[in-house]
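Inside the fold
Chain by chain, the residues:
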Amino acid sequence: MNRGVWGDVVGQPEAVAVLSAAAEAAASIVAGGSPAPGAMTHAWLFTGPPGSGRSGAARAFAAALECIAVDDRPGCGSCAGCHTALAGTHADVRVVSPEGLSISVGEMRALVQVSARRPTSGRWQVVIITDADRLTEGAANALLKAVEEPPERTVFLLCAPSDHPDDVSVTIRSRCRIVSLATPRVAAIASALEYDGVAPEVASWAASVCGGHVGRARRLATDEQVRARREAVLRIPLALRRPADIFTCADQLVSAAEGDALTANEGRDLAEREALETAMGGGGTGKGTAAVTRGAKGALKDLEKRQKSRTTRTQRDSLDQALVDLAAFYRDVLVTASGAPAVLNHPDRAEDARAAASSWTPESTLRRLEAVLNCRTALERNVKPRIAVEAMLTTLQRG
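What you see is a predicted model; the values in this text were computed from it and never measured.

With that out of the way, let us pick up helix α16 (residues 385-398). Between the first and last C-alpha of α16 there are 20 Å, a value that for 14 residues agrees with the 20 Å anticipated at 1.5 Å per step. Taken together, the buried positions of α16 are Pro385, Ala388, Val389, Met392, Leu393, Leu396 and Gln397. For α16, the buried positions fall inside an angular range of 165 degrees around the axis, keeping them on one side. Structural note: α16 exposes Ile387 and Arg398 on the side pointing more than 90 degrees away from its buried face. Backbone geometry just downstream of α16 places glycine 399 in the positive-phi region, at approximately 80 degrees.

Take a look at the structure:
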């Protein structure tokens, strides 16, 4: 059964209803109609907790806007417009994701210039900013100017954890229609995984331990390495028996994050370098070669800087996921100790949670939980990962 472009927007029926109606209004505008005022607008802000599917919903909406199946409701999922928009190859759909820790003003100015053009092959010029909370102040100001005076057939889709001023400036937020996404229910995530061909028992397990994060559930269900890393992280709380274990576990956590960054970026880094060298005339001979070589060195230096920033971000994202898993475990220990009927974040580690609850006082468990949260804050403030992790593990070992 074809679920259309909304198939991967898991557990968000209210949001899908709003976006579907907006896509129909947008199709009416393209056809020369006059939909109800406010049915379609030029700027949208998708908010929701990590894993709720903000960027997925934005991509699905972009595909519905580009849908060319005029005899059907927009978002058929089968036409060339839907297919290329979802695949990331549509000429009029641009996705901006921070290569490093933020989105620079230079990147945003270039994007704003492109967004001012009319669609080349599609029905709308669509700009998706997947991490609008990572805009620098200058980048946010550049975006604000475009959102204040939008081109006739351009739509901006911003994604952020919330509409709080710490994530999105008040002036940008005030010009956007907000679509709030909730954490998907376990049953909805499991159903989506089964639809993708995952065995029911694996789908149920992945949905129960992913913390409501649909993408994480998919990775846990399909990638043995992801499952192994989770297991290694969740063994740490009960493995910290001696002070020497602090450094062993710190090395494991940091090395795993560095390995993730290397695996994720190595091939891409090499391809980017080769493409740049070719574009700059690498290996050429003859008149002007020396000048080109000097220019190539500068361009390569800039590329290496961007790649280093991207690697740092990937490493920190990987480490942050490990910290989220640890924090969830200590929360489970508190739930178990109190006898509360709340659902555990790691139900497959219930025995470990019971063992910890019988050995630790609630106060020491809280200190451990606070240490994990403080480590996340330290990493956000650019403290060196190994220092932050070792400080955290020292508290986890001592209680």
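That shown, we press on.
Turning to the packing of aromatic side chains, a few remarks are in order. The full count for this structure, using the stated rule, is 3 aromatic pairs. Ring centres of tryptophan 44 and phenylalanine 61 lie 5.0 Å apart, and the angle between their planes is 70 degrees; on these two criteria the pair is classed as edge-to-face. Of this pair, tryptophan 44 sits in strand β1 (residues 43-47) while phenylalanine 61 sits in helix α2 (residues 54-66), and the two are 17 residues apart along the sequence. Look at phenylalanine 329 and tyrosine 330: their rings are 5.7 Å apart centre to centre, the planes differ by 75 degrees, and that puts the pair in the edge-to-face class. The class of tyrosine 330 is buried, set by a relative accessible area of 0%.

Let us now look at the side chain of aspartate 92. In this fold, aspartate 92 is placed in the loop between α3 (80-87) and β2 (93-96). No salt bridge is formed by the buried aspartate 92. Its closest oppositely charged neighbour is arginine 94, at 4.8 Å. Polar side-chain contacts of aspartate 92 include one of 2.9 Å to the side chain of threonine 120. Each residue touching aspartate 92, except ones within four places of it in the same chain, is listed here: Glu66, Pro119, Thr120, Ser121, Gly122, Trp124, Gln125 and Val126.

Tracing the chain through its elements places glutamine 125 in strand β3 (residues 125-129). Setting aside its immediate chain neighbours within four residues, glutamine 125 contacts Ala91, Asp92, Arg94, Val114, Ser115, Arg117, Arg118, Pro119, Arg153, Thr154 and Val155. Within polar-contact distance, the side chain of glutamine 125 engages the backbone oxygen of arginine 117 at 3.2 Å.

Of all hydrophobic cores here, the largest spans 35 residues; its most connected members are Trp6, Met40, Trp44, Phe46, Phe61 and Leu157. For this core, the elements supplying multiple residues, two or more each, are α1 (13-30), β1, α2, α3, β3 and β4 (154-160). At 8 residues, the largest contribution of residues to this core is made by α2. Once residues within four sequence positions are removed from consideration, phenylalanine 61 is found in contact with Trp6, Leu19, Ala22, Ala23, Met40, Trp44, Phe46 and Leu157. Counting 33 residues, the second largest nonpolar core, distinct from the first, contains Cys249, Leu253, Leu319 and Val389.

Glancing now at unusual backbone geometry. Even without glycine at this site, asparagine 382 takes up a positive phi of about 70 degrees. Along the polypeptide, asparagine 382 turns up in the loop between α15 (362-380) and α16.

One way to put it is that helix α7 (residues 186-195) packs onto helix α9 (residues 214-222) with a least axis distance of 10 Å and a crossing angle of 50 degrees. Classed by the angle they form, the pair α7 and α9 counts as oblique. The chirality of how α7 crosses α9 is right-handed. Touching Ile189, Ala192 and Leu193 of α7 are Val214, Ala217, Arg218 and Ala221, all from α9. Classifying every residue of the contact of α7 with α9 by side-chain character gives 6 nonpolar, no polar and 1 charged.

Its place among the elements puts valine 16 in helix α1. As a C-alpha pair, valine 16 and leucine 181 span 165 residues in sequence and 9.9 Å in three-dimensional space. Among residues more than four places away in sequence, those in contact with valine 16 are Trp6 and Val9.

Take the pattern of salt bridges next. For the coordinates displayed, the defined rule picks out 15 salt bridges. Salt-bridge contacts for glutamate 231 lead to arginine 230; the nearest nitrogen and oxygen are separated by 3.5 Å. The exposure class assigned to glutamate 231 is partly exposed, which follows from its relative accessible area of 26%. Among the salt bridges present, the one from aspartate 251 reaches arginine 386, with a minimum N-O distance of 3.5 Å. Pair noted here: aspartate 251 is in helix α12 (residues 243-279) and arginine 386 is in helix α16, with a separation of 135 residues, a long-range link. Owing to a relative accessible area of 32%, arginine 386 belongs among the partly exposed residues under this scheme.

Considering the arrangement of structural elements, one finds serine 102 in the loop between β2 and α4 (105-115). Sequence separation between serine 102 and arginine 313 is 211 residues; the distance between their C-alpha atoms is 9.3 Å. Once residues within four sequence positions are removed from consideration, serine 102 is found in contact with Glu107, Arg134 and Thr136.

Rules used throughout
Numbering of residues begins from 1 in every chain and follows the order in which that chain's sequence is written. Given that the model is predicted, a residue must reach a pLDDT of at least 70 before its local features are reported, and side-chain atom pairs must reach 80 or more before they are shown or counted; all residues, however, enter totals for whole chains, interfaces and linings. Note that water and hydrogens are dropped before the side-chain values are worked out from all heavy atoms of the structure. Comment: elements are numbered from the N terminus, with helices defined as DSSP H or I runs of at least four residues and strands as E runs of at least two. For a helix, the expected span equals 1.5 Å multiplied by the number of residues minus one. Buried residues are those whose accessible area, probed at 1.4 Å on protein chains only, stays under 20% of the maximum for their type, while exposed residues exceed 50% and partly exposed ones sit between those limits. The arc in question is the one spanned by the directions pointing from the helix axis to the C-beta atoms. What counts as a ring pair is set by centres within 6.5 Å for rings of Phe, Tyr and Trp (its six-membered ring), and what kind of pair is set by the plane angle: stacked under 30 degrees, edge-to-face over 60, tilted for all other angles. In summary, the charge assignment counts Lys and Arg as positive and Asp and Glu as negative, without counting His or the chain termini. In the sections that follow, a salt bridge refers to a side-chain nitrogen of Lys or Arg positioned within 4 Å of a carboxyl oxygen of Asp or Glu. Here a polar contact means two N or O atoms within 3.5 Å. Within protein one must be a hydrogen donor candidate and the other an acceptor candidate, and residues neighboring in sequence count only if both atoms are side-chain atoms. We call two residues in contact whenever any of their non-hydrogen atoms come within 4.5 Å of each other. Definition of nonpolar core: a set of buried residues of the types Ala, Val, Leu, Ile, Met, Phe, Trp, Tyr and Cys, connected through side-chain atoms within 4.5 Å. Axis lines are fitted to C-alpha atoms, over the contacting stretch for helices. Their N-to-C directions set the angle, which ranges from 0 to 180 degrees. With respect to orientation, any angle under 35 degrees is reported as roughly parallel, any angle over 145 as roughly antiparallel, any angle of 65 to 115 as roughly perpendicular, and every other angle as oblique. Rotating anticlockwise by less than a right angle from the far helix to the near helix defines a left-handed crossing, while the corresponding clockwise rotation defines a right-handed one. Residues were grouped as follows: Ala, Val, Leu, Ile, Met, Phe, Trp, Tyr, Cys and Pro as nonpolar; Asp, Glu, Lys and Arg as charged; and all remaining residues, including Gly, as polar.

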